[in-house]
Amino acid sequence: MKICVAGQGRVRAKASRRAQAHPDVEITSLVGGNQDSTAQVAKKYGIPHYTGELSEGIKRADAVILTTPTKMHFRQGEQ
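Residues numbered from 1 in each chain as written. Predicted model: local features only at pLDDT ≥ 70, side-chain atom pairs only at ≥ 80, totals over all residues. Heavy atoms only, no water.

Asker: Where do I start with the layout of surface pockets in this structure?
Answerer: It is the rolling of a water-molecule-sized probe over the atoms that shows where space remains empty. Approximately 200 Å³ is the volume found for the largest pocket. Taken together, 14 residues make up the lining of the largest pocket; nearest its centre are Val-31, Gly-33, Thr-68, Met-72 and Gln-76. Split by residue class, the lining of the largest pocket holds five nonpolar, eight polar and one charged. (1 Å grid on protein atoms, 1.4 Å probe; cavity = no way out; pocket = protein on both sides within 12 Å on 5 of 7 lines; lining within 4 Å. Points joined across faces, edges and corners; volume = space filled by probe spheres on them. Nonpolar A, V, L, I, M, F, W, Y, C, P; charged D, E, K, R; others polar.)

Asker: What is the right way to look at the sheet that holds strand S3 (residues 50-51) in this model?
Answerer: Pairing between the strands of a sheet comes from backbone hydrogen bonds, and it takes one of two forms, parallel or antiparallel. Taken together, the four strands give an open sheet; going across it, the order is S3-S2-S1-S4, and neighbouring strands pair in parallel fashion. Here the strands that pair on one side only, and so sit at the sheet edges, are S3 and strand S4 (63-66). Strand direction decides the pairing type here: strand S1 (residues 2-6) and strand S2 (residues 26-31), joined by five bridges, are parallel. Its bridge partner being in S2, Ile-3 is matched across the sheet by Ile-27. (Pairing = 2+ DSSP bridges. Helix = DSSP H or I, 4+ residues; strand = E, 2+ residues; numbered from the N terminus.)

Asker: Is there a simple way to think about the environment of Val-25 in this case?
Answerer: Mapped onto the fold, Val-25 is located in the loop between helix H1 (10-20) and S2. Residue Val-25 is classed as partly exposed on the basis of its relative accessible area, which comes to 24%. When the C-alpha positions of Val-25 and Lys-2 are compared, they lie 6.0 Å apart, and in sequence the two are 23 residues distant. (Buried < 20%, exposed > 50% of the residue type's maximum accessible area, 1.4 Å probe, protein only.)

Asker: I tried to follow helix H2 (residues 35-45) on my own but got confused; where do I start?
Answerer: An α-helical turn contains 3.6 residues, so any two residues separated by three or four positions project in the same direction. Residues of H2 that are buried include every one of Thr-38, Val-41, Ala-42 and Tyr-45, and no others. Seen end-on, H2 carries its buried residues on one side only, within an arc spanning 100°. Summarising the geometry of H2, the exposed residues directed more than 90 degrees from the buried face are Asp-36, Gln-40, Lys-43 and Lys-44. Between the side-chain oxygen of the N-cap and the backbone nitrogen of Asp-36 there are 3.0 Å, and the N-cap of H2 in question is Asn-34. Just beyond H2, the residue with positive phi is Gly-46, at close to 70°. (Arc of directions from axis to C-beta. Polar contact = N/O pair within 3.5 Å; in protein donor to acceptor, adjacent residues only side chain to side chain.)

These figures come from the coordinates and say nothing about function on their own.
Below, the structure is given as structure tokens:
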């Protein structure tokens, strides 16, 4: 299963590690607000794609893990 992880911070790192622990799961995209930080995290965890646009990450995944602030979840979930 291909996964997109949306969100920056400690929770995102935990979600990434947990998802990568499953042999049938591949994190294909990381979505973040600060592209410099997002690029560094993507490189650290071996995530091949990063972006600031959730719609781009969705195109590369079967599912999305939202680790963004709760107030953003409804709008992002609609996507």
